[in-house]
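# A closer look at the structure
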Amino acid sequence: MQNIDQLRSEIDQIHTQLGTLFKRRLVLTQKIWKIKKAQGLALIDQTREEQIIHQFDQSTSDLLEQKALQGFFKSLLVESKRFLEGQNLK
């Protein structure tokens, strides 16, 4: 049986990976918004956002896990928008 410190260490490793991936996502999102702005496209694609939020719904039958994943991706989208707004890319 693992102890709390071992489990927390594994969580810390996941946080490091998530941070790196989220920073990469911010860069890509910024590039997409610049392209959309240059092409006169809508900056928000509600259909795409819904796809992102619900992309893992079919991978689990656990409703609490589904809601947690949906909440995670909603938060990710909100923070991405805040970042972009701070970059004056509205």
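Residues numbered from 1 in each chain as written. Predicted model: local features only at pLDDT ≥ 70, side-chain atom pairs only at ≥ 80, totals over all residues. Heavy atoms only, no water.

Here the focus is the overall build of the protein chain. Looking only at helices and strands, the protein chain has three helices and zero strands in total. When the helices and strands of the protein chain are placed in sequence order, the string is α-α-α. Here the C-alpha radius of gyration of the protein chain, 16 Å, is well above what a compact globule of 90 residues would show, namely 12 Å. The C-alpha extent of the protein chain, read off along each of the three principal axes, is 55 × 30 × 15 Å. Expressed as a percentage of its 90 residues, the buried residues of the protein chain come to 20%. Sequence separation of 24 or more characterises 62% of the internal contacts of the protein chain that already satisfy a separation of 6 or more. Summing over all exposed atoms, the protein chain offers an accessible surface of approximately 7,200 Å²; the carbon and sulfur share of this is 56%. Looking at charge distribution, the protein chain has the averaged site of its 14 positive side-chain charges lying 12 Å from that of its 11 negative ones. (Helix = DSSP H or I, 4+ residues; strand = E, 2+ residues; numbered from the N terminus. Rg over C-alpha atoms; globule rule 2.2 N^0.38 Å. Buried < 20%, exposed > 50% of the residue type's maximum accessible area, 1.4 Å probe, protein only. Contact = heavy atoms within 4.5 Å. Areas by Shrake-Rupley, 256 points an atom, 1.4 Å probe, with all protein chains shown as cover. Lys, Arg positive; Asp, Glu negative; His and termini not counted. Charge placed at Lys NZ, Arg CZ, Asp CG, Glu CD.)

So, about the environment of Gln39. Here Gln39 shows up in helix H1 (residues 4–39). Taking C-alpha positions, Gln39 is 17 Å from Leu84, a pair spaced 45 residues apart along the chain.

Okay, the packing of helix H2 (residues 46–53) against helix H3 (residues 63–86) next. As a packed pair, H2 and H3 sit with axes 8 Å apart at the nearest point and diverge in direction by 140°. One finds that H2 runs oblique with respect to H3. Contact residues: Glu49, Ile52 and Ile53 in H2; Gln70, Phe73, Lys74, Leu77 and Lys81 in H3. For the contact of H2 with H3, the class distribution of residues is four nonpolar, one polar and three charged. (Axes fitted to C-alpha atoms, helices over the stretch in contact; angles between N-to-C directions. Parallel < 35°, antiparallel > 145°, perpendicular 65-115°, else oblique. Nonpolar A, V, L, I, M, F, W, Y, C, P; charged D, E, K, R; others polar.)

Our focus in this paragraph is a nonpolar patch on the surface. A surface patch of nonpolar side chains, about 250 Å² in accessible area, is lined by Ile14, Leu18 and Phe72. Topologically, Leu18 is positioned in helix H1. (Patch = residues over 30% accessible without salt bridge, like charges linked within 9 Å, V, L, I, M, F, W, Y side chains within 5 Å. Salt bridge = Lys/Arg side-chain N within 4 Å of Asp/Glu carboxyl O.)

Moving on: the packing of aromatic side chains. Aromatic ring pairs are reported here in terms of the distance separating the ring centres and the angle at which the planes meet. Within this structure, the stated rule accounts for two aromatic pairs. Taking 5.6 Å as the distance between ring centres and 25° as the angle between the ring planes, the aromatic pair formed by Phe56 and Phe73 counts as stacked. Within this pair, whereas Phe56 is found in the loop between H2 and H3, its partner Phe73 is found in helix H3, the two being separated by 17 residues in sequence. Taking 5.1 Å as the distance between ring centres and 85° as the angle between the ring planes, the aromatic pair formed by Phe72 and Phe73 counts as edge-to-face. For Phe72, a relative accessible area of 40% puts it in the partly exposed group. Joined through ring pairs, the aromatic side chains of Phe56, Phe72 and Phe73 make up one cluster. (Phe/Tyr/Trp six-rings, centres within 6.5 Å; stacked < 30°, edge-to-face > 60°.)

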